[in-house]
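# What the coordinates show
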Amino acid sequence: MPRPAKGARLHKYKHSPNWYILDTGQPRRSTGCTSRSEAEKALAAYIATRGRQGAANEPENVTCGEVLAIYAEEHAPTVAAPERIGYALDALLPFWSDLKLTHVKGETCRRYGKWRGKSAGTIRKELGTLQAAMNYAHREGYVTTAPTVTLPPKPEGKERWLTRDEAARLLWAAYRGHKAGHLARFILIALYTGTRKDAILRMGFEANTVGGWFDLERGVMYRKSDAERSTKKRRTPTRIPRQLAAHLRRWKAEGCTWAVEYHGARVGDIKRAFNKAVEEAGLENVTPHTLKHTAVTWTLQNGASIWDAAGYFATSPETIEKTYGHHSPEYQESALRAVERGRK
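Residues numbered from 1 in each chain as written. Predicted model: local features only at pLDDT ≥ 70, side-chain atom pairs only at ≥ 80, totals over all residues. Heavy atoms only, no water.

## Remarks on the overall build of the protein
Stated precisely, the cut-off is as follows: To qualify as a helix, a DSSP run of H or I must reach at least 4 residues; to qualify as a strand, a run of E must reach at least 2; elements of each kind are numbered from the N terminus. Type-normalised accessible area, obtained with a 1.4 Å probe on protein chains alone, sets the label of each residue: buried when under 20%, exposed when over 50%, and partly exposed for intermediate values. What makes two residues a contact is simply this: any of their non-hydrogen atoms within 4.5 Å. To be clear on the numbers: accessible area is Shrake-Rupley with a 1.4 Å probe, and residue cover counts the displayed protein chains and nothing else.
When helices and strands are counted, the protein shows 14 helices and eight strands. Taking all 344 residues of the protein together, 43% fall into the buried category. Considering only residue pairs separated by 6 or more positions, the protein has 58% of its internal contacts joining residues 24 or more positions apart. Within the structure as shown, the protein displays about 19900 Å² of accessible surface, and the carbon and sulfur contribution to it stands at 51%.

Structure (structure tokens):
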């Protein structure tokens, strides 16, 4: 019985510094790359442009690398944040690239999780991208059916939030940090508005095509520009608190174009500076998203209704109630009164 074709794959010859692409029935070709990661990209590009004609193929004849390449080429450019798909593909390809779709089963998915050694949340996101790629290939007629990935259990939502003393320590660490003044601005905006990290880092003082902006004349914060695509992460406008507005006016008067900038340029990432400030403040289990948890928690503790908090923080009332509702002074108040009335 003839051996089944292995499909397109990478191979490294001892006599050459470059990686090669081997494909059954095709001449070998050099990727021109000496690193495995760059060669993976060349392989994905090769697969993406090879043999797209004809009827849908059976899963046993298609590799995961092929459907991931199709997904990257055709679907990723249409989404609001294609780089997120790119991050997932960088993680998935080394393990899944040469495996057929028929290899996607519970055991293989669990083995991938062990191989990655990351959190359950990260594994769920990456395998979710694999599932989306297979579904896309099926929907577009490249394969006859899409297997189902097995995801690890969904982790419980993180409820870590900062006390006011912890927030003060974090802000002080950011203010005094070397070349980290921009971080303090990020923290202030996050604590007052509960806006997500990526949206804050795209905020300007005038309407722009990159992201949202602060309309200081009307006192409104627009979390996204008109040119940006809408996503599942709601980014509706919200009013600017007067305390934050005072900071924003000062920053704008200093000549800033962006809310979070360094030497006149918009800051693209605050991860390193944020982690350093967290360490210097003596805090644990704190991420930029913790600031949103903090903003919502403080707001409910100060008496805001779940409905108003949902509108202000661009988060569904269901999520507010499920994740933060117990912080409200009125949490289970009517039930508590009913229980107390029924007990002598």
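## Some remarks on the sheet that holds strand β2 (residues 19-22)
We apply this condition: Paired strands, in this sense, are two strands between which DSSP finds at least two bridges.
Ordered by their spatial adjacency, three strands build an open sheet running β1-β2-β3, and the pairing between neighbours is antiparallel. With partners counted over all chains shown, the strands left at the sheet margins are β1 (9-12) and β3 (29-30), one partner each. Note that β2 and β3 share two bridges and pair antiparallel. Pairing of tyrosine 20 across the sheet is with serine 30, part of β3.

## Quick word on the pairing of β1
In the sheet, β1 pairs with β2 via four bridges, with the strands oriented antiparallel. From the neighbouring strand, histidine 11 faces β2, where its bridge partner is tyrosine 20. In this structure, the hairpin formed by β1 and β2 is closed by a connection of six residues.

## Structural notes on the sheet that holds strand β5 (residues 220-222)
In any sheet, the strands associate via hydrogen bonds between backbone groups, in a parallel or an antiparallel arrangement. Taken together, the three strands give an open sheet; going across it, the order is β4-β5-β6, and neighbouring strands pair in antiparallel fashion. Strands at the two margins of the open sheet, each flanked by one partner only, are β4 (213-215) and β6 (238-239). Of the strand pairs in this sheet, β5 and β6 are connected by two bridges, and their pairing is antiparallel. Bridging from a neighbouring strand, methionine 221 pairs with threonine 238 of β6.

## A closer look at the packing of helix α7 (residues 181-193) against helix α11 (residues 288-301)
Between two packed helices, what matters for the description is the angle formed by their axes and the separation of those axes. Our working rule: Interaxial angles span 0 to 180 degrees and are taken between N-to-C directions of axes, which are lines fitted to C-alpha atoms, for helices over the stretch in contact. Under the scheme applied here, ten amino acids are nonpolar (Ala, Val, Leu, Ile, Met, Phe, Trp, Tyr, Cys and Pro), four are charged (Asp, Glu, Lys and Arg), and all others, including Gly, are polar.
At a minimum axis separation of 7 Å, α7 and α11 run at an interaxial angle of 35°. Packed against α7, whose contacting residues are Phe186, Ile187, Ala190 and Leu191, the element α11 presents Pro288, Leu291, Thr294 and Ala295 at the interface. A breakdown of the residues in the contact of α7 with α11 according to their chemical character gives seven nonpolar, one polar and no charged.

## Focus on helix α3 (residues 82-96)
For the record, the criterion: One less than the number of residues in a helix, times 1.5 Å, gives the span that helix is expected to have. Axes are fitted to the seven residues ending at a residue and to the seven starting at it; the angle between these axes is taken as the bend at that residue.
Here α3 is 15 residues long and its end C-alpha atoms lie 20 Å apart, about the 21 Å a rise of 1.5 Å per residue gives. Along α3, the helix axis deviates most sharply at aspartate 90, where the bend reaches about 30°; the proline proline 94 sits within four residues downstream.

## What to know about the side chain of glutamine 131
Secondary-structure assignment places glutamine 131 in helix α5 (residues 120-139). Taking relative accessible area as the criterion, glutamine 131 reaches 14% and is therefore assigned buried. With residues up to four places along the chain from it excluded, the contact list for glutamine 131 reads Pro147, Thr148 and Val149.

## Some remarks on unusual backbone geometry
Most peptide bonds take the trans configuration, and most residues that are not glycine carry a negative phi. We note that histidine 263 has phi near 55°; this positive angle belongs to a residue other than glycine. Structurally, the position occupied by histidine 263 is in the loop between β7 (261-262) and β8 (265-266).

## Side note on the confidence of the model for the protein
Here is the rule: Per-residue confidence from the predictor is given as pLDDT, running between 0 and 100.
Looking at the protein as a whole, the pLDDT averages 84, with 85% of positions reaching at least 70. Mean pLDDT per element in the protein: helix α14 (residues 333-341) is the minimum at 53, and helix α4 (residues 106-116) is the maximum at 96.

## As for the layout of surface pockets
It is the rolling of a water-molecule-sized probe over the atoms that shows where space remains empty. What counts, and what does not: Points on a 1 Å grid, built from protein atoms alone, make a cavity when a 1.4 Å probe fits but cannot get out and make a pocket when they are open with protein on both sides within 12 Å along at least 5 of 7 lines; residues with an atom within 4 Å of a point are the lining residues. Grid points are joined across faces, edges and corners, and a volume is the space filled by probe spheres set on the points.
There is about 350 Å³ of room inside the second largest pocket. Every residue lining the second largest pocket is counted, 13 residues in all, and those nearest its centre are Leu191, Tyr192, Pro241, Thr299 and Tyr312. Only α7, α11 and α12 (306-312) provide two or more residues apiece to the lining of the second largest pocket. Tallied by class, the residues present in the lining of the second largest pocket amount to nine nonpolar, two polar and two charged.

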